[in-house]
Amino acid sequence: MSGVSLLTYADRLAGDLPGLDRLLSDELDAFTGVHILPFFTPYDGDDTGFDPVDHRAVDPRLGGWDDVRAICAHTDVTADLIVNHVSARSAEFTDWIRHGRRSAHEGMFLTFDAVFPDGAREADITAFYRPRPGVPFTPYRCDDGTRRLVWTTFMPSQVDIDVRHPAGIAYLERLADALAAGGVSTARLDAVGYAVKTPGTDSFMTDDTLAFVAQASALIRARGLRVLVEVHAHIDQQRAIAPLVDLVYDFATPPLLLHSLGTGTVDRLAQWLQVRPSNAVTVLDTHDGIGVIDAGPADGCAGLLSEQEMADVFARAAVATGGHSTAASVTPTWASMPHQINATFFSVLGADPRRMLLSRALQIFLPGEPQFYYVGLLGGQDDREQFLRTGQGRDVNRHRYTPEEVSRALESPVTRGQLELAALRRHPAFDGTFSWSAPDTASLSLHWRHGEHEAQLRVRVDEPWFEIVVDGVRHPLSD
């Protein structure tokens, strides 16, 4: 059966895993799946759980594996398998620092010498693509006095794993075993695009990366889990990786939709509909902001949006957020603009409920598996206070909801409308065949048919306006 999944942190929406279980069983029972963002120890580290000290243990402040299995009993659960790195405070890394070559984890962590055994020139190092400012190394001093340069692609506290070394592979196998034992149905390979470093390339989504994705997918599938790959990249790279896994993300639709709503034209969305993978998790917003790079050019390949059109998307977001999205978005080293908009999707739409529901309607009518982010679902706007406290741009879109705030949001028209759309996606028509057309430069028509059932969405992006008709009946959200 078709359905929509929820993307959320357990603590920021419901306090803990039992609280999330209660919500999914009651007010949020329109969702058939949930991606619970890292609930490992600790869930609130330097990178909100994406720097696990113990990737196989549920943080006891959130609950335990029994609580995860309780959710799995009625809802498909996706969990992260962070393949690129682990916390510098992990038992494995601290043991390696203490014992060096005598450590059982020797070879698990990627060092400068492992990639450049014969040394490297400045051009070799600066060729590497990094999504953060600066170079991707952090110096560490081992207990025997040895000084090592360790790869840290994201943060100094996130130490990269050598995924080609037997010790690194064994580590990933242990993580996959833990997820399978916990009842998880889908493993999301986080940051996989950076996992393999190949001298002479930018080491992002290379042929070596694709080979590793195939290897990691086989490892995970052997344990009965589906594989979802998280990669922010040019659309050609998304299309190349799609046949290797069960699911990829459709990160191109959000910026293309913002472009359409800003220009009143659907031509770029129509181009994407012609070629997008059908095995996609469709999103508008995620915990990582709104990717714009995913629709743009890269390495001489044209994008669905030009550099100027990408800049225009950022500029319109800045106007809608009063300039705050510009302050919160980070430009990586050697890049001309940020890769993503750090703002809530609702804020970028000017907090217009009609535009939000139009966007969600388009999302649920696309082939694949739609996923709603908890902040967008609750009509959240930029959490400026949290951003000021932490200095982390992505925190504007990671609000910590109190039970009272959740209750109020659930009564709001924008949230009620999104829940109706999530429930609609379970209609039998969405188990059938999909077709679409662009009647004119400002309109799209999306259609599903299964036997005697059919569902149609008509959208105009210049007004904006949308209409949903299901089995010949006009849906109330159309009014």
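Draft legend 1. Expanded view of the sheet that holds strand S1 (residues 5-8). What the eight strands build is a closed barrel, ordered S1-S2-S5-S10-S11-S12-S13-S16; its pairing is parallel. With direction set aside, neighbouring strand axes in the sheet form an average angle of 30°. With two bridges connecting them, strand S13 (residues 280-282) and strand S16 (residues 369-373) associate as parallel partners. Each bridged residue has a counterpart across the sheet, and for Thr282 the counterpart in S16 is Pro370.

Draft legend 2. Region of interest: the side chain of His324. Relative to the helices and strands, His324 is located in helix H13 (residues 324-328). Relative accessible area serves as the criterion here: at 11%, His324 is assigned to the buried category. Not counting the four nearest positions on each side in its chain, His324 is found in contact with Asp382, Arg384, Phe387 and Val396.

Draft legend 3. Geometry of the sheet that holds strand S19 (residues 453-460). Taking strand neighbours across the sheet as the criterion, the five strands line up as S17-S18-S19-S20-S21 in an open arrangement whose pairing is antiparallel. Each end of this open sheet is capped by a strand with a single partner; those strands are strand S17 (433-437) and strand S21 (473-474). The sheet contact formed by strand S20 (residues 465-470) and S21 spans two bridges and is antiparallel. Within S21, the residue paired with Val470 across the bridge is Val473. Contacting S17, strand S18 (443-450), S19 and S20, helix H15 (residues 353-365) runs over the sheet at an angle of about 45° to S20.

Draft legend 4. Broad picture of the nonpolar core. Core analysis: the biggest nonpolar cluster contains 141 residues, and Leu28, Leu81, Ile341 and Phe365 have the highest contact counts within it. The residues contacting Leu81, other than those within four sequence positions of it, are His55, Leu172, Leu175, Ala176, Leu179, Ala187, Arg188, Leu189, Asp190 and Ile220. Ranked by size, the runner-up nonpolar core spans eight residues in total, among them Leu110, Val115, Ile125 and Phe137.

Draft legend 5. Quick peek at the packing of aromatic side chains. Scanning the entire structure with this criterion turns up 24 aromatic pairs. Ring centres 5.9 Å apart and planes at 85° place the aromatic pair Phe31 and Phe372 in the edge-to-face group. Taken together, the residues Phe31 in the loop between helix H2 (17-25) and strand S2 (33-36) and Phe372 in strand S16 connect sequence positions 341 residues apart. The exposure class assigned to Phe372 is buried, which follows from its relative accessible area of 0%. Through a chain of ring-to-ring contacts, the aromatic side chains of Phe112, Phe116, Phe128, Phe137 and Trp151 assemble into a single cluster. Geometry around Phe372 places Arg360 over its ring, the cationic atom sitting 4.2 Å from the centre. Just above the ring of Trp448 sits the side chain of Arg425; from NZ or CZ to the centre is 5.5 Å.

Draft legend 6. Representation of the packing of helix H10 (residues 253-263) against helix H12 (residues 307-320) in the model. Where H10 meets H12, the closest approach of the two axes is 10 Å, and the angle between their N-to-C directions is 75°. Comparing their axes, H12 and H10 come out roughly perpendicular. The residues of H12 that touch H10, namely those facing Pro255, Leu258, His259, Gly262 and Thr263, are Glu309, Val313 and Arg316. Looking at the contact of H10 with H12 residue by residue, the classes come out as three nonpolar, three polar and two charged.

Rules used in this analysis
- Residues numbered from 1 in each chain as written.
- Predicted model: local features only at pLDDT ≥ 70, side-chain atom pairs only at ≥ 80, totals over all residues.
- Heavy atoms only, no water.
- Pairing = 2+ DSSP bridges.
- Helix = DSSP H or I, 4+ residues; strand = E, 2+ residues; numbered from the N terminus.
- Axes fitted to C-alpha atoms, helices over the stretch in contact; angles between N-to-C directions.
- Buried < 20%, exposed > 50% of the residue type's maximum accessible area, 1.4 Å probe, protein only.
- Contact = heavy atoms within 4.5 Å.
- Core = buried A, V, L, I, M, F, W, Y, C linked by side-chain atoms within 4.5 Å.
- Phe/Tyr/Trp six-rings, centres within 6.5 Å; stacked < 30°, edge-to-face > 60°.
- Lys NZ or Arg CZ within 6 Å of the ring centre and 35° of its normal.
- Parallel < 35°, antiparallel > 145°, perpendicular 65-115°, else oblique.
- Nonpolar A, V, L, I, M, F, W, Y, C, P; charged D, E, K, R; others polar.

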